[in-house]
Amino acid sequence: MHIFFKKILYSFIVLTLFLYGSEVDKLLETYSQKNDLSQKTIDENKGHLVLFSRDKLERMHAKTLKDVLKTTPILYYRENRYGFPDPLASGSFESYRSNFIRLYIDGVEITQGWLGSGLVLYGDVNIDFVDHIEFYYMTPSFETITESAYLTIFLYSKEPPKEGGGEVNLIQGSRGYASQTLNYGEKNEDYSYMLNFSHTDAQRQKVANGTDTPLLRDFERTQLFSYIKTQKQTAHLQIMKKNMKSLAGPSLDATPLISTMNYLNIHLDYSLALSEHWDVTFSYDWVKGEYHFEDDLPFVSLGNIPSTLLKFEGKNSTYTGELSYQNVFEKHRIDAGLKIRSKVLDAYDVVNLAELPFNFSKETFFSLYGQDQYHLGENTLLTFGIQYNHIDRDGNQEMDDLLQLRLGYIFSNEVWSYKAYIFRSMFTTDSNTRYLLSYESRERKPQVSIGITQEVAYKSEDFNLRLMLLTMQDENGLIQNEGKGHTKYFFTIFNYNYNFDLDNKMDLQFSYAHYKDIFYLDTLDDYSGYVSFSNQYKDVDFYNSVVWHQDSLTYEHFFDWTSSISWNVNHNLSFTLKGENILDKARDSGLIRIDPRSGNFLTPLSMSSIDQRIMLEMEYRF
Amino acid sequence: MYVSALDKQSTLALYEHLFVSLSDKKMPLIYVEHKEYKEIFITSKKMKTVSNSADADIILITNKDTLETCNKKLYKNTICFTTEYHFLKQSKYIVGASYWKKGRAQLLFIENRLKVSQIRLSEAYQKFMIETL
């Protein structure tokens, strides 16, 4: 055969082999994606989805919800002056601002009752028990929420059929960081169960405050996550104990002598499928908090007496019950239900305060909702939802009635999808603020938020593209820019994900937020970007990501670079070296300070919520 | 409630490719006890399910019962393949596995076991091969 034709034939064979080889990769990749647990839980009608699949979380070596939240668009990880995870924190003196964000584990909300959102304690939770995480932006569907929200975070736990057996994970980090987790799960014919135990001892970066005693935010956390599931029933038990140094606390000039908080939290829930159409769920959340704050100058009034000491213990319980119905009538999918949530302040004992000045101790939410998803055609859906909440309070507190509406349109085929919503949501002052702060806050009328959101996405074999446009306006905002009018928001989020092949991927994200009349500012612009590369070569995995931030307050650029390299020794054992905030240039946020003598504002303290850290991790599966 | 339904299309596509490659027959006969896999494989036009392991060309091991069937090695020419990694260590007759690890589907073949069974896989599967366990 002529040499030229031999070369052609050889090239053809090589090309064929190459193509044939990649066919198996493609089959495996498609099989992975289609059988990912997230495909069983995603509900496109819950809102605008940002998904962190199991594969993505593993590539990121994300160990806590904080590792994920620092990369999310628009609302990202931030800590307030108490060291709580509080993405909406302003740096001011409010105890907690992120009640607009709600957290769920396996579909059941984790709530801190009096403090509101479960994000307070679970915002940096160890996620070793988690399979995937779904973030739904803006108006959520009413079958998921009891209290209003405009970001809902769903953590879904691992499943024994895929993750049977056990796993031990040990992490040792710089600056005295150590974490240990143990996970075990099993499935047999009738039931499956999982137990996950973790302990974290974190010495964190100190925050200089101009004194010899910098601010501390070290913590020790022990948590248990467990569940047992049958075909029709599910029960969860979660326990978390967290002792923490709480940064500035209520100290006006951020120079506390003592600032500590200790928590014990228990969550129990039980769900039962009564029939094909009826489900019932009960959950119980209990929190005990011990707080100790001391300063050299008075920072609080106890019975109208200025005090340099605030030491108190609070316990509260939240009981939630839900009865839901779902059925399909021709082209209509109907969801309806009744939810009741009762938040009870069990105890509140303050040192040096004989009697509390008010007797508000219980708040009960009654929620009735209905939703119709109507199939206009094979690929299109029209959805309408309505939710009515009645909030009953004791202690002569005002009751509230809330009406929420949601109208949506969804188009989706194999390549394109489009989503649009118009909504009206209402929010009330949270129990903690209502109880502790001035009468003015307590009697503030519910906030009404009206918004329009849109999303368009394109999906191909190798890449995904998505653009979201979200706009909203608050009326009677719970936190208002006094005398300036309603707060207005405009957000845009762009995502591009590219798969080079089975082992090499790139993710790109850009978001822009424009606020009008917020935080005593006329306008605020916030820009953020995220790029990540994950690569695999034989037994070694590489991950690199950079989160970039800039805003119109300072126009300073912030870069949070995370990098990891993993060696998979064999099927059971792997080692990982990971660096977080390697350049120590992650986003700063300001902590407001006031001179207690003059009442004048001082220069805000600047601090990053993301520690610079190097960690070595060992993972063993058995 | 928890629902562990396999995606039919992608599962069938993967296992058809796999089993046709493993067997030298045009229409291999498959024995599997797992209900979900059975329901998917029944729809295949490239392989056929059988109700008796003695008749199978390939046994897909998803539980301890079929593991024991394979270990007895009563049927000389039957190929054993599993969906559980730890079964690979419990039987020298299992030539490979399709399993989950950290959220990603994995494929693994053991070269010396394939040789004993006189199975020669195509180039497409070479990257999933290890010499011994």
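Refer to the preceding data block for the structure.
Structure report, in brief. (Residues numbered from 1 in each chain as written. Chains lettered and ligands numbered in written order. Predicted model: local features only at pLDDT ≥ 70, side-chain atom pairs only at ≥ 80, totals over all residues. Heavy atoms only, no water.)

1. Some thoughts on the overall build of chain B
Piece 1. Broken down by element type, chain B carries five helices and seven strands.
Piece 2. Ordered by position from the N terminus, the helices and strands of chain B form the series α-β-α-β-β-α-β-α-β-β-α-β.
Piece 3. Its C-alpha atoms give chain B a radius of gyration of 14 Å, within 12% of the compact-globule value 14 Å for 133 residues.
Piece 4. With respect to the three principal axes, the spread of C-alpha positions in chain B is 40 × 35 × 30 Å. (Helix = DSSP H or I, 4+ residues; strand = E, 2+ residues; numbered from the N terminus. Rg over C-alpha atoms; globule rule 2.2 N^0.38 Å.)

2. Quick look at the interface of chain B and chain A
Piece 1. If you look at the interface, chain B gives 31 residues, while chain A gives 41 residues.
Piece 2. Around 3200 Å² of area is buried between chain B and chain A when both sides are counted, 58% of it from carbon and sulfur atoms.
Piece 3. The tally of links between chain B and chain A comes to four salt bridges.
Piece 4. One salt bridge connects Lys102 of chain B with Glu619 of chain A, and the closest N-O pair in it is separated by 2.9 Å. (Contact = heavy atoms within 4.5 Å. Buried area = accessible area lost by both parts, 1.4 Å probe. Salt bridge = Lys/Arg side-chain N within 4 Å of Asp/Glu carboxyl O.)

3. Let's talk about helix α1 (residues 8–22) of chain B
Piece 1. For α1 of chain B, spanning 15 residues, the distance from its first C-alpha to its last is 21 Å, which sits close to the expected 21 Å at 1.5 Å a residue.
Piece 2. For α1 of chain B, the complete set of buried residues consists of Ser10, Thr11, Leu12, Leu14, Tyr15, Glu16, His17, Leu18, Phe19, Ser21 and Leu22 of chain B. (Expected span 1.5 Å × (residues − 1). Buried < 20%, exposed > 50% of the residue type's maximum accessible area, 1.4 Å probe, protein only.)

4. What to know about unusual backbone geometry
Residues and elements named next belong to chain A.
Piece 1. With phi around 65 degrees, Met138 is a residue other than glycine that occupies positive phi space.
Piece 2. Along the chain, Met138 turns up in the loop between β4 (130–137) and β5 (151–157).
Piece 3. For Met138, a relative accessible area of 1% gives the class buried.
Piece 4. Not every positive phi belongs to a glycine, and Arg175 is a case in point at roughly 60 degrees.
Piece 5. Among the secondary structure elements, Arg175 is positioned in the loop between β6 (165–173) and β7 (177–187).

5. A word on the sheet that holds strand β2 (residues 101–105) of chain A
Residues and elements named next belong to chain A.
Piece 1. With respect to topology, five strands assemble into an open sheet ordered β1-β4-β5-β2-β3, the strand pairing being mixed. Because the sheet does not close on itself, it has two edges, and the strands there are β1 (48–52) and β3 (108–110). For this sheet the average axis-to-axis angle between neighbouring strands, irrespective of direction, equals 25 degrees.
Piece 2. By the bridge criterion, seven bridges tie β4 to β5 in an arrangement that is antiparallel. For Val130, the partnering residue across the bridge sits in β5 and is Ser157. (Pairing = 2+ DSSP bridges. Axes fitted to C-alpha atoms, helices over the stretch in contact; angles between N-to-C directions.)

6. What to know about the side chain of Asp551 of chain A
Residue and element names in this part refer to chain A.
Piece 1. Relative to the helices and strands, Asp551 is located in strand β26 (residues 540–551).
Piece 2. Within the local environment of Asp551, its side chain forms a polar contact with the backbone nitrogen of Leu553, the two atoms lying 2.8 Å apart.
Piece 3. Aside from chain neighbours lying at most four places away, what touches Asp551 is Asp525, Asp526 and Arg587. (Polar contact = N/O pair within 3.5 Å; in protein donor to acceptor, adjacent residues only side chain to side chain.)

7. A closer look at the environment of Gln233 of chain A
All names here are of chain A.
Piece 1. Relative to the helices and strands, Gln233 is located in strand β10 (residues 233–245).
Piece 2. When the C-alpha positions of Gln233 and Tyr270 are compared, they lie 7.3 Å apart, and in sequence the two are 37 residues distant.
Piece 3. A polar side-chain atom of Gln233 sits 2.5 Å from a polar atom in the side chain of Tyr270.

8. Side note on the packing of aromatic side chains
Piece 1. Per the counting criterion, the structure on display carries 44 aromatic pairs over all chains.
Piece 2. Residues Phe129 of chain A and Phe225 of chain A carry aromatic rings whose centres are separated by 4.1 Å and whose planes lie at 20 degrees to one another, so their mutual orientation is stacked. Placement of Phe129 of chain A in the loop between α5 (119–122) and β4 and of Phe225 of chain A in strand β9 (residues 219–229) is noted, with a sequence separation of 96 residues between them.
Piece 3. An aromatic cluster is present here, built from Tyr31 of chain A together with Tyr15, Phe19, Tyr37, Phe41, Phe81, Trp100, Phe109 and Tyr125 of chain B joined pairwise through their rings.
Piece 4. Of note, Arg81 of chain A hangs over the ring of Phe93 of chain A, and the distance from its end group to the ring centre comes to 4.0 Å. (Phe/Tyr/Trp six-rings, centres within 6.5 Å; stacked < 30°, edge-to-face > 60°. Lys NZ or Arg CZ within 6 Å of the ring centre and 35° of its normal.)

9. Quick notes on the pattern of salt bridges
Residue and element names in this part refer to chain A.
Piece 1. Summed over the entire model, instances satisfying the criterion amount to 41 salt bridges over all chains.
Piece 2. With its nearest N and O atoms 2.8 Å apart, the salt bridge here joins Arg341 to Glu147. Taken together, the positions of Arg341 in strand β16 (residues 332–350) and Glu147 in the loop between β4 and β5 put the pair 194 residues apart, joining distant regions of the chain.
Piece 3. Put simply, Asp400 and Arg393 hold a salt bridge, and the shortest N to O gap is 2.8 Å. Like Arg393, Asp400 is buried.

10. A few points about the pairing of β7 of chain A
Residue and element names in this part refer to chain A.
Piece 1. Alignment of β6 against β7, held across nine bridges, turns out to be antiparallel. Along β7, the bridge assignment pairs Gly165 with Gly185.
Piece 2. Connecting the antiparallel pair β6 and β7 is a turn made up of three residues, with Arg175 showing a positive phi of about 60 degrees.
Piece 3. Between the end of β7 and the start of strand β8 (residues 192–202), which pair antiparallel, lie four residues.

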